[in-house]
Amino acid sequence: QTDTRFKFQFTSGGAGNNTLSFTITATGSNPSGNNGSIVFALTDGTATLQTTYSYTVKDPFSLSQTLPSPLYANSSGSYVVTVVPDANFVGTVTVTPSLSFSGSTGISAAQNLNVPTQKVATFTVTTSAITQSVTLGASATTGGFTATLSPSTITAGSAYTLSLPGGTANFYSG
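Residues numbered from 1 in each chain as written. Predicted model: local features only at pLDDT ≥ 70, side-chain atom pairs only at ≥ 80, totals over all residues. Heavy atoms only, no water.

A few words on the nonpolar core. Grouped together as the largest cluster of nonpolar side chains are 22 residues, with contacts concentrated most on Phe61, Leu63, Tyr79, Val81, Val83, Val93 and Val95. Mapped by element, the contributors of at least two residues to this core are strand E3 (61-66), strand E4 (76-85), strand E5 (91-102), strand E7 (111-115), strand E8 (120-127), strand E9 (133-142) and strand E10 (145-155). Here valine 81 is in contact with Leu63, Ser64, Gln65, Val95, Lys119, Val120, Ala121, Phe123, Ala138 and Leu149, once residues within four sequence places are set aside. (Core = buried A, V, L, I, M, F, W, Y, C linked by side-chain atoms within 4.5 Å. Buried < 20%, exposed > 50% of the residue type's maximum accessible area, 1.4 Å probe, protein only. Helix = DSSP H or I, 4+ residues; strand = E, 2+ residues; numbered from the N terminus. Contact = heavy atoms within 4.5 Å.)

Attention now goes to the side chain of aspartate 59. Examined against the element boundaries, aspartate 59 turns out to sit in the loop between strand E2 (48-57) and E3. Residues in contact with aspartate 59, not counting those within four places in the same chain, are Gly28, Ser29, Asn30, Pro31, Asp86 and Phe145.

What follows concerns unusual backbone geometry. Cis geometry marks the peptide bond from serine 69 to proline 70; its omega dihedral reads -5°. Note on placement: proline 70 falls in the loop between E3 and E4. In this chain, valine 115 is followed by proline 116 through a cis amide linkage whose omega measures 15°. Among the structural elements, proline 116 can be located in the loop between E7 and E8. Despite not being glycine, asparagine 74 has its phi angle at roughly 60°, a positive value.

Note on placement: alanine 129 falls in the loop between E8 and E9. Between the alpha carbons of alanine 129 and threonine 105 there is a distance of 9.5 Å; along the sequence they are 24 residues apart. Those residues in contact with alanine 129, other than ones at most four positions away along the chain, are Ala73 and Asn74.

Next up on the list: the environment of serine 128. Its location among the elements puts serine 128 in the loop between E8 and E9. Assessed through its relative accessible area of 16%, serine 128 is described here as buried. Remark: the alpha-carbon pair of serine 128 and glycine 106, spanning 22 residues in sequence, is separated by 8.9 Å.

This paragraph deals with the pairing of E8. Because side chains alternate across E8, one face comprises the buried residues Ala121, Phe123, Val125 and Thr127, and the other comprises Val120, Thr122, Thr124 and Thr126, none of which is buried. Looking at chain direction, E4 and E8 are connected through seven bridges and run antiparallel. Paired with threonine 82 across the strands is valine 120, a residue of E8. For strand E6 (residues 105-107) and E8, the ladder comprises three bridges, and the chain directions are antiparallel. Within the sheet, the bridge partner assigned to glycine 106 lies in E8 and is threonine 126. (Pairing = 2+ DSSP bridges.)

Next up, the structure:
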């Protein structure tokens, strides 16, 4: 398929090294990579020179998560987001957690990771006595690229459970 929407005119300044640079930006998600080619043609009105450049567009990284397990009401747990870089990716990635909840809950702030040296962001999820469940997710951004984790819901359990086989239980203080 040929796209002729883009035409450029380049006027040479004379003999020597003349350079024309292009920047190509991909959009959408390409987790496994998409291949293509671009044809560059240069003509002076009489002769035409042509070259083809092959490329692969692939997301610079993907994300995985580890949910706090178990998560209890009136306590805290760790939510871990791991940046899985493509083999050639090096850069700063900002990982931002998202949280929605039933009951009073909080989560620690966004973190900047220097990938590939730093790949793991650990966030503290703090629950209150009335927390029933939390829905966690995250996004990670570098330049114009953003990867997003789908939200996952976990139920906050009670910190203590007391089961009695029957009969009387006596509790004493001191």
